[in-house]
Amino acid sequence: MNDRIWDIEESLTVPLPPASVYAVIADVRRMKDWSPEVILVRVRPDGRRFVGFNRKGAWIWFTTCRIVIADPGREFAFDVTSFGLPIARWGYRLSPAEDGTLVTEYWSDLRRSGWRRRIAEALGLVFTGTPPARRAAHNRDGMRITLHRLRDACGATD
C-alpha cells in the first residue's frame, strides 16, 4: 500500500493555441479518437455528465463521468464513478508554449479509504483486469498514447 501511486501526470506540446486545444478536449465524444481504452462516449442532455464505454483486451466496462472543471483555454477535468462509487479524476491543464500549448494530462485515484474503496477496487479489477496497484502504471502508458494521438489530431507534422 505504501508504494501505491495515487496521482500521475504526463505532458506534451500540441501545435495549437490553448483555446483551440481546449475546444478539442472539451468535446468528450472525441475521447475515443485518442484514448486507448475509450470506445464510445454518450453525453447526457445537461452537457455536464457523460457515460464512457471502455475496452481493454477482453474486458469492456462503462463509467459515469461528471465535468467538474471547465475553464476554457486553461483546464478541463471530470470525475469518474462506477455504480455511484468514486473512482478517479481525469483532467487536462493547458499552458501557452512557444510552439503551441503544453498539455498536461493528469489522473488522481479517488479510491482512497473505507469500505467504498474496497468495493471500487474490486469492481475495477473485475471490469478492467488491472489490479489497483498497477492502475497508475497502466494509466501512464495510456496517457502517453492519448497525448500523442491528441497532438496528431491537432495537426502535428513530426
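A brief look at the structure comes next. (Residues numbered from 1 in each chain as written. Predicted model: local features only at pLDDT ≥ 70, side-chain atom pairs only at ≥ 80, totals over all residues. Heavy atoms only, no water.)

## Focus: the sheet that holds strand E6 (residues 85-97)
The line we're drawing: The criterion for strand pairing is that DSSP finds at least two bridges linking the strands in question. Note on conventions: DSSP H or I runs of at least 4 residues are helices, E runs of at least 2 residues are strands, and numbering of each starts at the N terminus. Fitted lines through C-alpha atoms serve as axes, helices being fitted only where they are in contact, and the angles separating the N-to-C directions of these axes extend from 0 to 180 degrees. For this analysis, residues touch if any pair of their heavy atoms sits within 4.5 Å.
Taken in spatial order, the seven strands of this open sheet run E1-E7-E6-E5-E4-E3-E2, and their pairing is antiparallel. Across the chains shown, the open sheet's two edge strands, defined by having one partner strand only, are strand E1 (7-14) and strand E2 (38-43). In this sheet, neighbouring strand axes are inclined to one another by 25° on average, regardless of whether the strands run parallel or antiparallel. Running over the sheet, helix H1 (residues 18-26) touches E1, strand E4 (59-71), strand E5 (75-82), E6 and strand E7 (100-109) and is turned about 155° from E6. In the packing of helix H3 (residues 114-128) onto the sheet, contacts are made with strand E3 (49-56), E4, E5 and E6, and the angle to E6 comes to roughly 75°.

## Side note on the pattern of salt bridges
Which entries qualify depends on this criterion: The rule for a salt bridge is simple: a side-chain nitrogen of Lys or Arg has to be within 4 Å of a carboxyl oxygen of Asp or Glu. Whether a residue is buried, partly exposed or exposed follows from its accessible area with a 1.4 Å probe, protein chains only, as a fraction of its type maximum: under 20%, in between, or over 50%, in that order.
This structure, assessed with the given rule, holds 15 salt bridges. Linking Asp 7 and Arg 112 is a salt bridge whose minimum nitrogen-to-oxygen distance equals 3.3 Å. Here Asp 7 is found in strand E1, whereas its partner Arg 112 is found in the loop between E7 and H3, with 105 residues between them in sequence. The exposure class of Arg 112 is partly exposed, given its relative accessible area of 37%. Between Asp 46 and Arg 49 there is a salt bridge, with the nearest N and O atoms lying 3.8 Å from each other. Accessibility expressed as a relative area gives 46% for Asp 46, which makes it partly exposed. A single salt-bridge network, built from bridges that share partners, covers Arg 4, Asp 109, Arg 111, Arg 117 and Glu 121.

## Structural notes on helix H4 (residues 135-153)
Put simply, the test is: Helix span is expected to be 1.5 Å times the residue number reduced by one.
Taking 1.5 Å per residue, 19 residues should reach 27 Å; H4 reaches 26 Å between its end C-alpha atoms and fits that length. Just downstream of H4, Gly 155 is the residue with a positive phi angle, here 95°.

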